[in-house]
Amino acid sequence: MKQSLTELFQRRFACHLFQPERAIPAADLEYILEAGRLSPSSFGLEPWKFVVVQSHDLKLALQTACFQQAQVGTASAVIVILAKLAELSPDSEYAQRLLAREYPGDQYAMALANYRNFCAATDLRAWSVTQCHIAAANMMTATTALGLDSCAIGGFLPDQVKQVLHIDSARYEVALVLPIGYCTETPHEKRRLPLADLVDYR
Ligand SMILES: Cc1cc2nc3c(=O)[nH]c(=O)nc-3n(C[C@H](O)[C@H](O)[C@H](O)COP(=O)(O)O)c2cc1C
């Protein structure tokens, strides 16, 4: 188990061109989305929404919104990860419902008060987007486990992505664009700094 997870991390790479004619089986797509759904989130608020784009025309429109990056237009599916905004308000029905689920009974009133204080001191947009990246990482690992490829795309024009998908800006921010499919390229050697450069034990 430990070994195979490391192998997945080694094997995943950022694919820059997919085989456009190959569709992903629906079960594989669901497996990937499930990895996103099961991801951890602060206060258990699941601040993500996954828009799965498979229409050829929409993929091309998204590619334009992503600085013409070809992996977007050639992917079998593009998962656009949206970060919730309005629903994270401590006054929203959504936030209160999920807080009550996470902190049932006697715990709820204190949890809501804590959440209200936290929100007053936090950039909720950045906080929401950051958590969507955790879901994205899990979805990328799940994609690799299926023998499929992906590429995280942070290079996009958020307003244009929202326009293409008719997304309400008050409700969602675009967190990441995640094309998936069968890559045309062979994986390159992993380029990573050694752990000694990254880790400080104290
Ligand atoms: C948040 C994020 C945004 C990224 N945005 C892009 C992007 O817009 N275009 C692209 O080609 N790769 C993008 N990448 C992929 C990285 O360039 C890639 O992961 C990195 O160079 C390491 O290569 P590897 O993933 O193949 O190991 C992004 C990765 C992350 C995590």
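Now for a description of the structure that goes with this document. Keep in mind that this is a model prediction, so the values were computed, not measured. (Residues numbered from 1 in each chain as written. Predicted model: local features only at pLDDT ≥ 70, side-chain atom pairs only at ≥ 80, totals over all residues. Heavy atoms only, no water.)

Quick look at the site of the ligand now. The immediate surroundings of the ligand are formed by 15 residues, with Arg12, Ala14, Gln69, Gly154 and Lys190 found nearest. Separating an oxygen atom of the ligand from a side-chain N or O atom of Gln71 is a distance of 3.1 Å. In this structure, a nitrogen atom belonging to the ligand sits 3.0 Å away from a main-chain N or O atom of Ala152. Per-class residue counts for the shell around the ligand are six nonpolar, six polar and three charged. (Near = heavy atom within 4 Å. Polar contact = N/O pair within 3.5 Å; in protein donor to acceptor, adjacent residues only side chain to side chain. Nonpolar A, V, L, I, M, F, W, Y, C, P; charged D, E, K, R; others polar.)

Counting across every chain of the model gives nine salt bridges. Across the salt bridge formed by Glu34 and Arg37, the nearest N and O atoms sit 2.8 Å from each other. One end of the pair is Glu34 and the other is Arg37, both in helix α2 (residues 26–37) and three residues apart, which spans about a single turn. Taking relative accessible area as the criterion, Glu34 reaches 32% and is therefore assigned partly exposed. Taking the shortest distance from any N to any O, the salt bridge between Glu87 and Arg171 comes out at 3.3 Å. With Glu87 in the loop between β2 (77–84) and α5 (93–102) and Arg171 in the loop between α8 (158–165) and β4 (172–181), the pair connects residues that are 84 residues apart, well separated along the chain. Three or more residues joined by partner-sharing salt bridges are found here, namely Arg125, Asp159, Lys162 and Glu173. (Salt bridge = Lys/Arg side-chain N within 4 Å of Asp/Glu carboxyl O. Helix = DSSP H or I, 4+ residues; strand = E, 2+ residues; numbered from the N terminus. Buried < 20%, exposed > 50% of the residue type's maximum accessible area, 1.4 Å probe, protein only.)

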